[in-house]
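Okay, here's what each chain looks like letter by letter:
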Amino acid sequence: MATDAIRKWFEQGNALKLQYGDDKVFDLSLGNPITEPPKEFNEILKKVALNPIPGIHKYMVNAGYPETREAVAEQLAKDTGVPFKMGDIVMTCGAAGALNSVFKAVVNPQEEVIVFSPYFREFDNYIENHGGVVKVVPTDENFIPDLDKLEAAISVKTKAILINSPNNPTGVVYTKDFLQKLGQLLQKKEAELKTQIYLLSDEAYRKLLYNGLKYSPIFPHYRNSIMITSHSKDLSLAGERIGFAAVNPESDDHAELTAAIIISSRNLGYINAPSLMQYIVRFLQNAEVPVAEYQKKRDFIFNALVEMGYSVTKPEGAFYIFPKIPAPNENDFMNELLRWNVLVVPGGVFRAPGYFRIAYCVEDKVLEGSLNGFKKAAEKFGKH
Ligand code: PLP
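Notes on the structure follow. Because the structure is a prediction, the values reported are computed rather than measured.

1. Digging into the overall build of the chain
- Across its full length, the chain carries twelve helices and twelve strands.
- A compact globule built from 384 residues should have a C-alpha radius of gyration of about 21 Å, and the chain, at 21 Å, falls within 12% of that.
- By its C-alpha atoms, the chain is 60 × 60 × 35 Å across when sized along the principal axes.
- Intrachain contacts of the chain at a sequence separation of at least 6 include 75% that bridge at least 24 residues.
- With an accessible surface of roughly 16,400 Å², the chain has 51% of that area assigned to carbon and sulfur atoms.

Below you can see the structure in the form of structure tokens.
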């Protein structure tokens, strides 16, 4: 239902484009990466096409090509300081595939998964697909999870906590200090309740960090942790469906857990991550799209919105910004933007009414063209 809501705006944008023409509609509703994959991607693709590798398109071990998992583990070890090995990595059909395989592996029907609002509402579907129950805990005024509220929400029914940093829809990035406190709290609750609680970290935007901000991994702070990510955003390969899950080598039930994720991937019908993509991303673990381009767009839209009087937290990563709606009624504001052919997603979709999400991963001319609508809406409803 949540995705339908985002798609609804996207489809409305397409209808408006038919009516008014492409260049008159400013669609900021969908998080589809604007940059092309790095040039090395096409070079490897070309090489494979010209010199076919026998067997490359066949079924393989469900966890993925050993060479790819080794390359992923090697880079991840460098990025995190944790000695990852091939056996900790499961290649998946994007982060969405990884999340589904992980939830199937760890969640039993009626067990709870805690998420922090606002959040990417597809999480509801992924959790509920496997009989899990979504439990929502709010974040503070800076969109950082409130640890007191989290502590109060954890019970014997809690199977996992799902975090997402850099965050969709807020662009907020969690600090090392926060992750440390979160890890301490979960450790305390595990001991108190005598249960096992998994910390799942969706890091689909891990490499889209601005102003030289350094990536903070979860692994050093909590042993029962799994990172979930993909190359949809960092290599602009969203349509190719390639990602992975990385299981903390220190987790209590490492062998069983990894085996469960692999078998879940198979049972869900993914079988294995796309073989050609696995072959290629093996060589691209250190590559990324031009992050500076996204940062420029972030600066442009953030500065413009502040100037117009919008109340907004400056995103430090990903390609979304989540300002407050300067009107008492969400629909009135959305309709005003629509009058100027500007499409965004209302905060209610992310369980945060009173806000709206702009996906600024669009061409500069679209971003520039949208400013008039934001300005008109700010003038109409006054400053908040
Ligand atoms: N997690 C978050 C927070 C996302 O924003 C998205 C996609 O937008 C996904 C997961 C799914 O990404 P993927 O294409 O890797 O399945």
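2. Observations regarding the sheet that holds strand 9 (residues 320-321)
- Reading across from one edge, 9-12-11 is the order of the three strands in this open sheet, with antiparallel pairing throughout. What marks the edges here is a single partner per strand, and that holds for strand 9 and strand 11 (345-346).

3. Comments concerning the layout of surface pockets
- Roughly 430 Å³ of internal volume is contained in the second largest pocket.
- In this structure, the second largest pocket is lined by 17 residues; those nearest its centre are Lys 17, Asp 27, Val 362, Glu 363 and Val 366.
- Elements supplying a minimum of two residues to the lining of the second largest pocket: helix 1 (2-20), strand 1 (26-27) and helix 12 (364-381).
- Its residues assigned to classes, the lining of the second largest pocket comprises nine nonpolar, two polar and six charged.

4. Examining the packing of aromatic side chains
- Considering all chains together, one arrives at 19 aromatic pairs under this definition.
- Look at Phe 143 and Phe 322: their rings are 5.7 Å apart centre to centre, the planes differ by 65°, and that puts the pair in the edge-to-face class. Within this pair, whereas Phe 143 is found in the loop between strand 4 (133-138) and helix 6 (147-153), its partner Phe 322 is found in the loop between strand 9 and helix 11 (330-339), the two being separated by 179 residues in sequence.
- Here Phe 143 falls in the buried class, since its relative accessible area comes to 7%.
- Taking the centre distance of 6.0 Å and the plane angle of 65° together, the rings of Tyr 310 and Phe 356 count as edge-to-face. Of this pair, Tyr 310 sits in the loop between helix 10 (291-308) and strand 9 while Phe 356 is found in strand 12 (residues 356-359), placing the two residues 46 residues apart along the sequence. For the pair formed by Tyr 310 and Phe 356, the shared burial category is buried.
- Three or more aromatic residues joined by ring pairs make a cluster, and in this case those are Tyr 310, Phe 333, Phe 356, Phe 374 and Phe 381.
- Above the plane of the ring of Tyr 215 lies Arg 206, whose end atom (NZ or CZ) is 5.0 Å from the centre.

Reading the values: rules and limits
Residues numbered from 1 in each chain as written. Predicted model: local features only at pLDDT ≥ 70, side-chain atom pairs only at ≥ 80, totals over all residues. Heavy atoms only, no water. Helix = DSSP H or I, 4+ residues; strand = E, 2+ residues; numbered from the N terminus. Rg over C-alpha atoms; globule rule 2.2 N^0.38 Å. Contact = heavy atoms within 4.5 Å. Areas by Shrake-Rupley, 256 points an atom, 1.4 Å probe, with all protein chains shown as cover. Pairing = 2+ DSSP bridges. 1 Å grid on protein atoms, 1.4 Å probe; cavity = no way out; pocket = protein on both sides within 12 Å on 5 of 7 lines; lining within 4 Å. Points joined across faces, edges and corners; volume = space filled by probe spheres on them. Nonpolar A, V, L, I, M, F, W, Y, C, P; charged D, E, K, R; others polar. Phe/Tyr/Trp six-rings, centres within 6.5 Å; stacked < 30°, edge-to-face > 60°. Buried < 20%, exposed > 50% of the residue type's maximum accessible area, 1.4 Å probe, protein only. Lys NZ or Arg CZ within 6 Å of the ring centre and 35° of its normal.

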